[in-house]
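Okay, here's what each chain looks like letter by letter:
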Amino acid sequence: YDLKADPCGYCLILNNVNFSQDSELSTRAGSNVDREKLEKRFKSLHFDVMTRQDLVAQEMVWELQKLARLDHSARDCCLVVILSHGCQTSHIQFPGGIYGTDGKAIPVEKIVNYFNGSNCPSLRGKPKLFFIQACGGEQKDQGFEVESDSPGDEAPRFSVESDAIPFQAPSGASDELDAVASLPTPSDILVSYSTFPGFVSWRDKSSGSWYVETLDSILDQYAHSEDLLNMLLRVAHAVSAKGRYKQIPGCFNFLRKKFFFMCK
């Protein structure tokens, strides 16, 4: 992809830390550390960064729609970061759901589709990147034993929390063939998840989430020389070596070209 504009694109960060009492969702201690790191990182990578804090689900939808309706003609890409509690949800394209502070979930595929070629014409043919720090479910992966290929795997830290909420399938929800066939092709989209669908995502109260801490570190070291997919492999490898419970980030990649950040 050709990134020539400066700033190269908008970056929207949605950071949910404090949830309503009746949502029964815990405060996400450490998430502001993630937010600060990513604000600084993406500003340094020539993005126009906008942050929104503690939004109910409908407010999240409004902010995402507002971003999708902007004229991106003079920009070369668009980036969305979401830091919140998450869950499993019925899906056709992209798995997972993200909670607003009111405890209502928004499917990831709904979020992504605001920016596809049909709904956001000024981003057609341009990369649209999504980074999601949230649980994909409530399974805790205890991993399996392998001969260590890296010394000093980290011991678990006691202040580690997860961002998991149980999955509840909507009644009568079933995927129909014509619904799948009628969806537009999600070209030029990449969704990076902090964890595998169905599993929890770990966060340290003082240093932030494993995924964001690692992503920020890898971008710092390699953004000037490596493409995004290669860096996400490094993130997955580093995060998978952490802790007593295991976590493996992954991505759904529909980019057509290599993506290099602007590092002038």
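Structure first, text after, so check above.
This write-up is about the structure you can find in this document. Given the structure is predicted, the values throughout are model-derived calculations rather than measurements.

1. Here's the deal with the packing of aromatic side chains
Scanning the entire structure with this criterion turns up 9 aromatic pairs. On the basis of an interplanar angle of 40° and a centroid distance of 6.3 Å, the ring pair of Phe42 and Phe261 is categorised as tilted. Here Phe42, found in helix α1 (residues 31-44), pairs with Phe261, found in the segment after β13 (250-254); they are 219 residues apart in sequence, far enough to count as distant. Each member of the pair, Phe42 as well as Phe261, is classed as buried.

2. Notes on α1
In this model, α1 (14 residues) spans 20 Å end to end at C-alpha, consistent with the 20 Å of a helix rising 1.5 Å per residue. For α1, the complete set of buried residues consists of Ser31, Asp34, Arg35, Leu38, Glu39, Arg41 and Phe42. Downstream of α1 by one or two residues, His46 has phi in the positive range, about 70°.

3. Here we look at helix α5 (residues 210-222)
The end-to-end C-alpha distance of α5, which contains 13 residues, comes to 18 Å, matching closely the 18 Å that a straight helix rising 1.5 Å per residue would cover. Restricting attention to buried positions, one finds in α5 the residues Trp210, Tyr211, Val212, Thr214, Leu215, Asp216, Ile218 and Leu219.

4. Quick look at the pattern of salt bridges
With the rule as written, the count across this model stands at 10 salt bridges. The residue Arg52 makes a salt bridge to Glu63 at a minimum N-O spacing of 3.2 Å. In this pair, Arg52 is assigned in strand β2 (residues 47-53) and Glu63 in helix α2 (residues 57-69), connecting sequence segments 11 residues apart. Classification of Arg52 by relative accessible area gives partly exposed; the value is 27%. Take Glu63: its relative accessible area is 14%, and that puts it in the buried class. Glu226 is the partner of Arg234 in a salt bridge, and the nearest nitrogen-oxygen pair spans 2.7 Å. Overlapping salt bridges bring together Arg35, Glu36 and Glu39 as one network.

5. With respect to the packing of α1 against α5
Following both chains from N to C, one finds α1 and α5 inclined at 20°, their axes separated by 10 Å at the closest point. Classified by the interaxial angle, the pair formed by α1 and α5 is roughly parallel. Crossing of α1 against α5: the hand is left-handed. Within the contact between the two elements, α1 uses Asp34, Lys37, Leu38, Arg41 and Phe42 and α5 uses Val212, Glu213, Leu215, Asp216, Leu219 and Asp220. Residue composition of the contact of α1 with α5, by class: 5 nonpolar, no polar and 6 charged.

6. Let's talk about the nonpolar core
Counting residues in hydrophobic clusters, the biggest one holds 34 residues, and the most contacted among them are Phe42, Phe47, Phe131 and Phe261. Where this core is concerned, the elements lending two or more residues are β1 (9-15), α1, β2, β3 (77-83), β7 (128-133), α5 and α6 (228-240). Core analysis: the next-biggest nonpolar cluster, separate from the first, contains 30 residues, Val61, Ile82, Phe130 and Ala134 among them.

So, how was this worked out
Residues numbered from 1 in each chain as written. Predicted model: local features only at pLDDT ≥ 70, side-chain atom pairs only at ≥ 80, totals over all residues. Heavy atoms only, no water. Phe/Tyr/Trp six-rings, centres within 6.5 Å; stacked < 30°, edge-to-face > 60°. Helix = DSSP H or I, 4+ residues; strand = E, 2+ residues; numbered from the N terminus. Buried < 20%, exposed > 50% of the residue type's maximum accessible area, 1.4 Å probe, protein only. Expected span 1.5 Å × (residues − 1). Salt bridge = Lys/Arg side-chain N within 4 Å of Asp/Glu carboxyl O. Axes fitted to C-alpha atoms, helices over the stretch in contact; angles between N-to-C directions. Parallel < 35°, antiparallel > 145°, perpendicular 65-115°, else oblique. Left-handed = near helix turned anticlockwise from the far one by under 90°. Contact = heavy atoms within 4.5 Å. Nonpolar A, V, L, I, M, F, W, Y, C, P; charged D, E, K, R; others polar. Core = buried A, V, L, I, M, F, W, Y, C linked by side-chain atoms within 4.5 Å.

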